[in-house]
Amino acid sequence: MAETIDVQEQAIGAGSIAALALVAYGRFINETLFGVDATTLGLGAFAATFAAVALLHGAYGRRDFAVSHAVSAVGLGLVVLASSLLPMLVGLVLLVGAGSYTARTTIRARDEATEERETASENA
């Protein structure tokens, strides 16, 4: 059995910490950072996290997850940068659609892995 390292958790953790730090900075210290709204920067950091996870999935051959995370990054970017209702609605539709696909596929993959482990332990 090949030993693997799950870097997705580290990428999501680092991106989430950066996003939360920027939002907290904007809330408690100063509303802007380098002239840009800190909350917008925080949400942008979270969108960049989705993009990084998409690249990681693409590098490891999970193109379906790569596409769903990339679509989530675009959707969140549209929501963050939207100046009118239409781009915001398109971004929300992308976020909900890609997030639903990711959640459903992740649950199925975990269930399959659990079944494989149970079958292997019964046969051992």
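Details of the structure are given in the entry above.
(A) Just the side chain of Ser68, in detail. Secondary-structure assignment places Ser68 in helix H3 (residues 63–81). Other than its neighbours up to four places away in sequence, Ser68 contacts Ala98, Tyr101 and Thr102.

(B) Structural context of the environment of Phe28. Mapping Phe28 onto the fold places it in helix H1 (residues 7–28). For Phe28, a relative accessible area of 67% corresponds to the exposed category. For the pair Phe28 and Asp6, spaced 22 residues apart in sequence, the C-alpha separation works out to 34 Å.

(C) Summary view of the environment of Pro87. Among the structural elements, Pro87 can be located in helix H4 (residues 85–123). Residue classification places Pro87 among the partly exposed residues on the basis of a relative accessible area of 25%. Separated by twelve residues in the primary sequence, Pro87 and Gly75 place their C-alpha atoms 9.0 Å from one another. Once residues lying within four places of it in the same chain are set aside, the contact partners of Pro87 are Leu78 and Ala82.

(D) Quick peek at unusual backbone geometry. At Phe34, a residue that is not glycine, the phi angle is positive and equals roughly 60 degrees. Secondary-structure assignment places Phe34 in the loop between strand E1 (32–33) and strand E2 (36–37). By relative accessible area, which is 80% here, Phe34 ends up exposed.

(E) Region of the structure containing the packing of helix H2 (residues 38–59) against H3. As a packed pair, H2 and H3 sit with axes 7 Å apart at the nearest point and diverge in direction by 165 degrees. By the angle between their directions, the pair H2 and H3 is classed as roughly antiparallel. Here the hand of the crossing between H2 and H3 comes out left-handed. Of H3, the residues touching H2 (which contributes Thr40, Leu43, Phe46, Ala47, Phe50, Ala51, Val53, Ala54, His57 and Gly58) are Arg63, Phe65, Ala66, His69, Ala70, Ser72, Ala73, Leu76, Gly77 and Val80. Looking at side-chain class alone, the contact of H2 with H3 contains 13 nonpolar, six polar and one charged residues.

(F) Main features of the nonpolar core. Among the nonpolar cores identified, the biggest contains five residues, and these are Ala47, Phe50, Ala73, Leu76 and Val80. Elements with a minimum of two residues in this core: H2 and H3. Broken down by element, the residue count for this core peaks at three residues, all from H3. Not counting chain neighbours up to four residues away, the residues in contact with Val80 comprise Thr40 and Leu43.

Definitions and limits used
- Residues numbered from 1 in each chain as written.
- Predicted model: local features only at pLDDT ≥ 70, side-chain atom pairs only at ≥ 80, totals over all residues.
- Heavy atoms only, no water.
- Helix = DSSP H or I, 4+ residues; strand = E, 2+ residues; numbered from the N terminus.
- Contact = heavy atoms within 4.5 Å.
- Buried < 20%, exposed > 50% of the residue type's maximum accessible area, 1.4 Å probe, protein only.
- Axes fitted to C-alpha atoms, helices over the stretch in contact; angles between N-to-C directions.
- Parallel < 35°, antiparallel > 145°, perpendicular 65-115°, else oblique.
- Left-handed = near helix turned anticlockwise from the far one by under 90°.
- Nonpolar A, V, L, I, M, F, W, Y, C, P; charged D, E, K, R; others polar.
- Core = buried A, V, L, I, M, F, W, Y, C linked by side-chain atoms within 4.5 Å.

As far as function goes, none of this settles anything; it's purely spatial.
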